[in-house]
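Structural overview
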Amino acid sequence: MNFAAIFLGLAAGVVGGMFGIGGGLIIVPALILLFGFDQKVATGTSLLAQLLPVGLLGVWEYHRNHQIQVVPGLWISAGLLLGAWAGSLIALSLSKEMMKQSYGIFLLVVGLYFLLSPSTPARKAAVPPAVEAPAPPE
């Protein structure tokens, strides 16, 4: 299981680094389908796995390439902190069946959006462009 778990983390990390996703769309389904975890255990385990390392090196690379907005990112992280806590309280109050159905609906809605939504031109960003940091000394 250790090798399979490392491979799952690697796959989720690559997809997370590319698209900003991983836990809910990669790790949780894999833990359920490949490892036989219960829905709630898979969700909790995914959160544990992402607690510290999620994006650490990815963020560093985006930062090195001046592709980070720090202030909005910090505000989002504050929301994630509270949202993950609230979401865990909600999830733990649901039956196993209701949790499974809710998760399936979530995945279906996300999938349908990406499959059926028309391509739209990029809108002007609501935040200023990334600030160019000085190049590090060589």
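Described below are features of the structure shown in this document. (Residues numbered from 1 in each chain as written. Predicted model: local features only at pLDDT ≥ 70, side-chain atom pairs only at ≥ 80, totals over all residues. Heavy atoms only, no water.)

A closer look at the overall build of the protein chain
Helix and strand counts for the protein chain stand at 6 helices and 0 strands. Walking the protein chain from its N terminus toward its C terminus, one meets helices and strands in the order α-α-α-α-α-α. Here the protein chain, with 138 residues, has 12% of them falling under the buried criterion. In the protein chain, the share of contacts with a sequence separation of at least 24, taken over all contacts with a separation of at least 6, comes to 55%. Carbon together with sulfur atoms contributes 74% to the accessible area of the protein chain, which is approximately 11000 Å² in total. (Helix = DSSP H or I, 4+ residues; strand = E, 2+ residues; numbered from the N terminus. Buried < 20%, exposed > 50% of the residue type's maximum accessible area, 1.4 Å probe, protein only. Contact = heavy atoms within 4.5 Å. Areas by Shrake-Rupley, 256 points an atom, 1.4 Å probe, with all protein chains shown as cover.)

A few points about the nonpolar core
The biggest cluster of nonpolar side chains holds 8 residues, and these are Leu8, Ala12, Ile27, Val28, Ala30, Leu31, Ala42 and Tyr103. Listing elements by their share of this core, those giving two or more residues are α1 (2-19) and α2 (23-33). Of the residues forming this core, the biggest block, 4 residues, is contributed by α2. Beyond its immediate chain neighbours, meaning those up to four positions away, Ala12 contacts Ile21, Gly22, Ile26 and Ile27. (Core = buried A, V, L, I, M, F, W, Y, C linked by side-chain atoms within 4.5 Å.)

What about the pattern of salt bridges?
Applying the stated criterion to the full structure yields 2 salt bridges. Put simply, Lys96 and Asp38 hold a salt bridge, and the shortest N to O gap is 3.7 Å. In this pair, Lys96 sits in helix α6 (residues 96-116) while Asp38 sits in the loop between α2 and α3 (39-50), placing the two residues 58 residues apart along the sequence. On the basis of relative accessible area, Asp38 is assigned to the partly exposed category, the value being 26%. As a salt-bridge pair, Arg64 and Glu61 come within 3.2 Å of each other at their nearest N and O atoms. Of this pair, Arg64 and Glu61 both sit in helix α4 (residues 56-64), 3 residues apart, which is roughly one turn of the helix. A residue is classified by how much of its surface remains accessible, and Arg64, at 46% relative accessible area, is partly exposed. (Salt bridge = Lys/Arg side-chain N within 4 Å of Asp/Glu carboxyl O.)

Worth remembering: the numbers are spatial, not functional.
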